[in-house]
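# Results of the structural survey
Take a look at the letters that make up each chain.
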Amino acid sequence: NAGVMQNPRHLVRRRGQEARLRCSPMKGHSHVYWYRQLPEEGLKFMVYLQKENIIDESGMPKERFSAEFPKEGPSILRIQQVVRGDSAAYFCASSPGKEWTKNIQYFGAGTRLSVL
Amino acid sequence: GQQLNQSPQSMFIQEGEDVSMNCTSSSIFNTWLWYKQDPGEGPVLLIALYKAGELTSNGRLTAQFGITRKDSFLNISASIPSDVGIYFCAAPQGGGTSYGKLTFGQGTILTVHP
């Protein structure tokens, strides 16, 4: 049973380019979360999605960042016109969404974004 | 927003020693989680706590949910080299059990000398 799958593991972009990060949740999980981790820091919440719905995007920067979780296919975190400050590790987590386990989140290995 | 204060920031210990770390907050939580992160990997769930005063073990790891619901502790007994990594506490923002957004502590970096 595969865990949370993220790709690519490493992504290099030049300033101004677009970055697309993909996340396939664990089988049977319908809730997806995205977090960002700067070096030597804890993870910071960005966005929480269910299929075709954004539930909470309070941690997302207002500009250039967007996320989706379509009916079919992986969740996508999209960063337009990347800047050097976007360089970080981006983690996706998924959960089954049942009430008492809703906050047991299982994490992927992350995508390390480097902006040149 | 809600913050989790985790300490110590780092620990350097000898193999075989016991380790203790803790996490505190000014807010009340109904769930506490402990994760471990290896270099270049994502966090892996170690222990989940759901009740104030609860003490839960997972092998050599033991975690406790503080009675005030504002803190949690993680102990590792008889450390081994593969315990090396960063340990994070986490709790759902909003304090409820149904709210998915997690707040993380700053992490404790554990180094074990053979």
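Okay, so let's go over this structure. Within any chain, residue numbers begin from 1 and follow the written order of that chain's sequence. To read the labels, note that chains go from A and ligands from 1, taken in the order they are written. Predicted model: local features are reported for residues with pLDDT of at least 70 only, side-chain atom pairs are reported and counted for 80 or more only, and whole-chain, interface and lining totals are derived from all residues. The side-chain quantities take in all heavy atoms of the structure and omit both hydrogens and water.

## Notes on the environment of A:R15
Residues and elements named next belong to chain A.
- Working definition: helices are DSSP H or I runs of at least four residues, strands are E runs of at least two. Numbering for both runs from the N terminus. Position of R15 among the secondary structure elements: in the loop between β2 (10–13) and β3 (19–24).
- Along the primary structure R15 and G85 are separated by 70 residues, whereas in three dimensions their C-alpha atoms are 9.9 Å apart.
- For R15, the contacting residues outside a window of four places in its chain are V82, V83, R84, V115 and L116. Note on definitions: a residue-residue contact is assigned when non-hydrogen atoms from the two residues lie within 4.5 Å.

## Observations regarding the state of the cysteines
- Cysteine sulfur atoms that come within 2.5 Å of each other are treated as a disulfide pair. By the definition in use, this model includes two disulfides over all chains.
- Paired through a disulfide, A:C23 and A:C92 show a sulfur-sulfur distance of 1.8 Å. Because the sign of the S-S torsion sets the handedness, a value of about -55° for the bond joining A:C23 and A:C92 places this disulfide among the left-handed ones. Residue A:C23 is located in strand β3, and its partner A:C92 is located in strand β9 (residues 88–95); the two are separated by 69 residues in the primary sequence. Take A:C23 and A:C92: they sit in the same class, and that class is buried.
- Linked covalently through their sulfurs, B:C23 and B:C89 form a disulfide whose S-S length is 1.8 Å. One end of the pair, B:C23, is in strand β3 (residues 19–24); the other, B:C89, is in strand β9 (residues 85–92), and 66 residues separate them in sequence. Accessibility classification places B:C23 together with B:C89 in one group, the buried group. Any residue under 20% of the maximum accessible area for its type is buried, any over 50% is exposed, and the rest in between are partly exposed; the area is computed with a 1.4 Å probe on protein chains only.

## Concerning the sheet that holds strand β6 (residues 55–58) of chain B
Residues and elements named next belong to chain B.
- Spatially, the five strands line up as an open sheet ordered β1-β3-β8-β7-β6, and their pairing is antiparallel. Strands with a single pairing partner mark the edges of an open sheet, and in this sheet they are β1 (5–7) and β6. For this sheet, the mean angle separating the axes of adjacent strands, direction not counted, is 15°.
- Any two strands between which DSSP finds at least two bridges are classified as paired. Relative to strand β8 (residues 71–76), β3 runs antiparallel, the two sharing six bridges. If you follow M21 over to β8, its bridge partner there is L74. A fitted line through C-alpha atoms represents every axis, and for helices the fit uses only the stretch in contact; the resulting angles, taken between N-to-C directions, go from 0 to 180 degrees.

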